[in-house]
Amino acid sequence: MDTALSISVPDELIVALRQARSITVLTGAGISAESGIPTFRDSQTGLWEKYDPHELATPEAFARNPELVMKWYRWRRDIIMKAEPNPAHYALSAIEQKLSDFHLITQNVDGLHLRAGSKNVIQLHGDLNKLRCSGIRAPGSQENASQCSFSTTEWQEDGIPLCPLCGSFLRPDVVWFGEHLSEDALKAALAVSKKCDAFFSIGTSGMVEPAATLAYEALRSGAMVIEINPHPTPLSVYSQYLFQQPAGQVLPKIVMDVWK
Ligand code: OAD
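On a predicted model such as this, the values are computed, not experimentally measured, just so you know.

(A) Just the sheet that holds strand β3 (residues 121-123), in detail. Across the sheet, which stays open at both edges, the six strands sit in the order β3-β2-β1-β7-β8-β9 with parallel pairing between neighbours. The sheet is open, and its two borders are formed by β3 and β9 (241-243), each paired with just one other strand. Sheet twist, expressed as the average angle between the axes of neighbouring strands with direction ignored, equals 15°. Of the pairings in the sheet, the one linking strand β7 (residues 198-202) to strand β8 (residues 224-228) comprises five bridges and is parallel in character. Across the sheet, Ile202 pairs through a bridge with Ile228, a residue of β8.

(B) Here's a closer look at the pairing of strand β4 (residues 126-137). Here six bridges tie β4 to strand β6 (residues 168-174), and the two strands are oriented antiparallel to one another. When the sheet's bridge partners are listed, Asp127 is paired in β6 with Asp173. Sheet analysis places β4 next to strand β5 (residues 151-152), joined by two bridges and oriented antiparallel. Following the sheet pairing, Leu131 is matched in β5 by Thr152.

(C) Just the site of the ligand, in detail. Close to the ligand lie 23 residues, the nearest being Phe40, Arg41, Thr204, Ser205 and Asn229. Here Trp48 contributes a side-chain N or O atom positioned 3.0 Å from an oxygen atom of the ligand. For the ligand, the protein covers 92% of the area, taking 790 Å² as the surface of the free molecule. When grouped by side-chain class, the residues that make up the shell around the ligand number ten nonpolar, ten polar and three charged.

(D) Structural view of the sheet that holds β4. The strand order across the open sheet formed by three strands is β5-β4-β6, and the pairing between neighbours is antiparallel. Looking at which strands have only one partner, the edges of the open sheet turn out to be β5 and β6. The strands touched by helix α5 (residues 66-82) are β4 and β6; relative to β4, the strand with the most contacts, the crossing angle is about 165°.

(E) Representation of the environment of Gln245 within the structure. Considering the arrangement of structural elements, one finds Gln245 in the loop between β9 and α10 (247-259). Put simply, Gln245 and Glu84 are 161 residues apart on the chain and 20 Å apart in space, counted from C-alpha to C-alpha. Here Gln245 is in contact with Ser6, Ile7, Ile228, Asn229, Pro230 and Val250, once residues within four sequence places are set aside.

(F) Expanded view of the side chain of Asp257. Secondary-structure assignment places Asp257 in helix α10. A distance of 2.8 Å separates polar atoms of two side chains, one belonging to Asp257 and the other to Lys253. When residues no more than four places from it in sequence are discounted, the contact partners of Asp257 are Val9, Ile14 and Arg18.

(G) Region of interest: the nonpolar core. Formed by 32 residues in total, the largest nonpolar core has its most connected members in Leu17, Ile23, Phe243 and Ile254. Elements with a minimum of two residues in this core: α1 (11-19), β1 (23-27), α6 (87-98), β2 (102-106), β7, β8, β9 and α10. With seven residues, α10 is the single largest residue contributor to this core. Sequence-distant contacts of Phe243, defined by excluding residues within four places in its chain, comprise Ile7, Ser8, Val9, Pro10, Leu13, Ile226, Glu227, Ile228, Asn229, Val250 and Ile254. Membership of the second largest hydrophobic core comes to 26 residues, among which are Ile37, Trp48, Cys133 and Trp155.

(H) Molecular detail of the pattern of salt bridges. Per the stated rule, a full pass over the model turns up seven salt bridges. Between Glu179 and Arg171 there is a salt bridge, with the nearest N and O atoms lying 2.7 Å from each other. Under the relative-accessibility criterion, Arg171 is labelled buried at 5%. Of the charged contacts in the structure, one is a salt bridge between Asp257 and Lys253, with a shortest N-O distance of 2.8 Å. A residue pair is termed a helical-turn pair when its members lie 3 or 4 positions apart in one helix, as Asp257 and Lys253 do in helix α10 at four residues.

What counts and what doesn't
- Residues numbered from 1 in each chain as written.
- Predicted model: local features only at pLDDT ≥ 70, side-chain atom pairs only at ≥ 80, totals over all residues.
- Heavy atoms only, no water.
- Pairing = 2+ DSSP bridges.
- Helix = DSSP H or I, 4+ residues; strand = E, 2+ residues; numbered from the N terminus.
- Axes fitted to C-alpha atoms, helices over the stretch in contact; angles between N-to-C directions.
- Near = heavy atom within 4 Å.
- Polar contact = N/O pair within 3.5 Å; in protein donor to acceptor, adjacent residues only side chain to side chain.
- Areas by Shrake-Rupley, 256 points an atom, 1.4 Å probe, with all protein chains shown as cover.
- Nonpolar A, V, L, I, M, F, W, Y, C, P; charged D, E, K, R; others polar.
- Contact = heavy atoms within 4.5 Å.
- Core = buried A, V, L, I, M, F, W, Y, C linked by side-chain atoms within 4.5 Å.
- Buried < 20%, exposed > 50% of the residue type's maximum accessible area, 1.4 Å probe, protein only.
- Salt bridge = Lys/Arg side-chain N within 4 Å of Asp/Glu carboxyl O.

Structure, rendered in structure tokens:
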């Protein structure tokens, strides 16, 4: 059976979404799975099944072995550059065109929402298309570096690029374990989660804070919560609507039923 045919959007959800004045969406790695980008925690295929985040995705790992960390991120960036947005990304950008008060918060660093045409995007965990100054000086250069504001989208083929302003190593512009999220991004994400009428949680395991808390903030503020994820998460039991199918099939169906 074609799974797309088995997706049914309840009438009361259609009505509620048509009436919603403000919609906020949180996405995670699962929304890009159908674009061929590996998730983190899926069994067998998740990146953290094969790789140790402590060796690759912490400031300490970068200070210890910047070559290894850069090599890993260069590999991930190559996958992302070759990937294309899928129907789920396009569906969200279509909703944004229908509704002025629409906000998309993503934990993904792949830039696929922007490439699909979404505009109001809060990139909570940064952007893998960019490099920024790490403040960690290359061996042999002046000590006492402090991170400067340099940032670029120019990656080089190999090695560790240096900041042209202060000589420090450049690093991927993503948030690592043990690091704080951008205060502005988090503040904006909290604000749009608390004020929306409907909150979608899509393709995220809900295991990483503070992103995981946003759906509960929305619930506490009276929003209707809709989860799209083939597998159960801690949020599933609290969600008013649960679609346990791939986002690339569910979201286009919702757009068709509600907004076409
Ligand atoms: P996870 O890998 O933890 O979770 C991905 C979720 O997507 C799982 O719950 C899957 O069931 C679901 N999924 C898989 N395929 C799907 C599909 N086609 N449609 C919808 N859902 C699908 O990824 P995140 O929750 O995004 O952080 O992980 C959060 C953060 O942990 C990431 O941003 C990253 C990671 O460590 C940093 O690197 C800071």
